[in-house]
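Residues per chain are reported as follows:
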Amino acid sequence: LYLCTSRQNKNKVLSQIKNFKLNYFKKILVTEQKNSKIDLLRTYLPKNYDKGWIIGDTDYDIKVGKKLNFFTCAVLNGFHNEEVLQNSNPDRIIDSVNLFEL
């Protein structure tokens, strides 16, 4: 399980992960507004990685997932509304990330 976020400050992200006790990420990738999510994921995913899931709250997240040939899941409790997310054609739409099941 990887976390990839467009946040600006990696230390703040790591602090929040620790404070919320979200210790289950294999890798935490922060763009720091210097890289794109797709570049970071392509750099850090194992070379033989076949198919995964991108779960996000923006149409950009869904586009990244599609470029990587991943399954995509949009969550409605985030940045964009359902209409915007529907237009990005995710494989699934759910109300909240904690409702995600494979």
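Quick notes on the rules
Residues numbered from 1 in each chain as written. Predicted model: local features only at pLDDT ≥ 70, side-chain atom pairs only at ≥ 80, totals over all residues. Heavy atoms only, no water. Helix = DSSP H or I, 4+ residues; strand = E, 2+ residues; numbered from the N terminus. Rg over C-alpha atoms; globule rule 2.2 N^0.38 Å. Buried < 20%, exposed > 50% of the residue type's maximum accessible area, 1.4 Å probe, protein only. Contact = heavy atoms within 4.5 Å. Areas by Shrake-Rupley, 256 points an atom, 1.4 Å probe, with all protein chains shown as cover. Lys, Arg positive; Asp, Glu negative; His and termini not counted. Charge placed at Lys NZ, Arg CZ, Asp CG, Glu CD. 1 Å grid on protein atoms, 1.4 Å probe; cavity = no way out; pocket = protein on both sides within 12 Å on 5 of 7 lines; lining within 4 Å. Points joined across faces, edges and corners; volume = space filled by probe spheres on them. Nonpolar A, V, L, I, M, F, W, Y, C, P; charged D, E, K, R; others polar. Arc of directions from axis to C-beta. Salt bridge = Lys/Arg side-chain N within 4 Å of Asp/Glu carboxyl O. Phe/Tyr/Trp six-rings, centres within 6.5 Å; stacked < 30°, edge-to-face > 60°. Lys NZ or Arg CZ within 6 Å of the ring centre and 35° of its normal. Polar contact = N/O pair within 3.5 Å; in protein donor to acceptor, adjacent residues only side chain to side chain.

S.K.: What is the right way to read the overall build of the protein from this model?
M.R.: Looking only at helices and strands, the protein has four helices and five strands in total. The linear arrangement of helices and strands in the protein, starting from the amino end, is β-α-β-α-β-α-β-α-β. Here the protein has a C-alpha radius of gyration of 13 Å; the compact-globule value for 102 residues is 13 Å, and the two agree. By its C-alpha atoms, the protein is 35 × 30 × 25 Å across when sized along the principal axes. Within the span of the protein, comprising 102 residues, buried residues form 31% of the whole. Considering only contacts in the protein between residues 6 or more positions apart, those separated by 24 or more positions represent 34%. When the accessible surface of the protein is summed, it comes to about 7,100 Å², and 47% of that surface belongs to carbon and sulfur atoms. Seen as two clouds, the 16 positive and the 11 negative side-chain charges of the protein have centres 11 Å apart.

S.K.: In this structure, what is going on with the layout of surface pockets? I would like to understand it.
M.R.: Empty space among the atoms becomes visible once a probe the size of a water molecule is rolled across them. Volume-wise, the largest pocket comes out at about 1,300 Å³. Taken together, the elements giving at least two residues each to the lining of the largest pocket come down to β1 (2–5), α1 (10–19), α2 (37–44), β3 (53–56) and α3 (59–67). Split by residue class, the lining of the largest pocket holds 22 nonpolar, eight polar and five charged.

S.K.: When you look at α3 in this model, what are you seeing that I'm missing?
M.R.: Residues separated by three or four positions in an α-helix point in the same direction, a consequence of the helix having 3.6 residues per turn. Turning to α3, its buried residues number three or more, namely D61, I62, V64 and G65. What you see down the axis of α3 is that its buried residues fit within an arc of 160°, all on one side. Positioned one or two residues after α3, N69 has a phi angle of 65°, which is positive.

S.K.: Just to check I follow, could you spell out the pattern of salt bridges for this structure?
M.R.: Opposite charge on two side chains allows them to pair when their charged atoms are near. Applying the stated criterion across every chain yields a total of two salt bridges. Close ionic contact of D61 with K37 constitutes a salt bridge, the shortest N to O distance being 2.5 Å. Here K37 lies in helix α2 and D61 lies in helix α3, a separation of 24 residues in the sequence. Each member of the pair, D61 as well as K37, carries the same accessibility label: buried.

S.K.: How should I be thinking about the packing of aromatic side chains in this particular structure?
M.R.: We describe a pair of aromatic rings using the distance from one ring centre to the other and the angle between the two ring planes. By the definition in use, this model includes three aromatic pairs. The structure contains a cluster of three or more aromatic residues connected by ring pairs, namely W53, F71 and F100. Its guanidinium or amino end placed over the ring of F71, K51 lies 4.5 Å from that ring's centre, counting from NZ or CZ.

S.K.: What am I meant to see in α1 here?
M.R.: Taking the backbone nitrogen of N11 as reference, a side-chain oxygen 2.9 Å away marks N9 as the first, capping residue of α1. Among the residues trailing α1, K21 stands out with phi positive, at a value near 55°.

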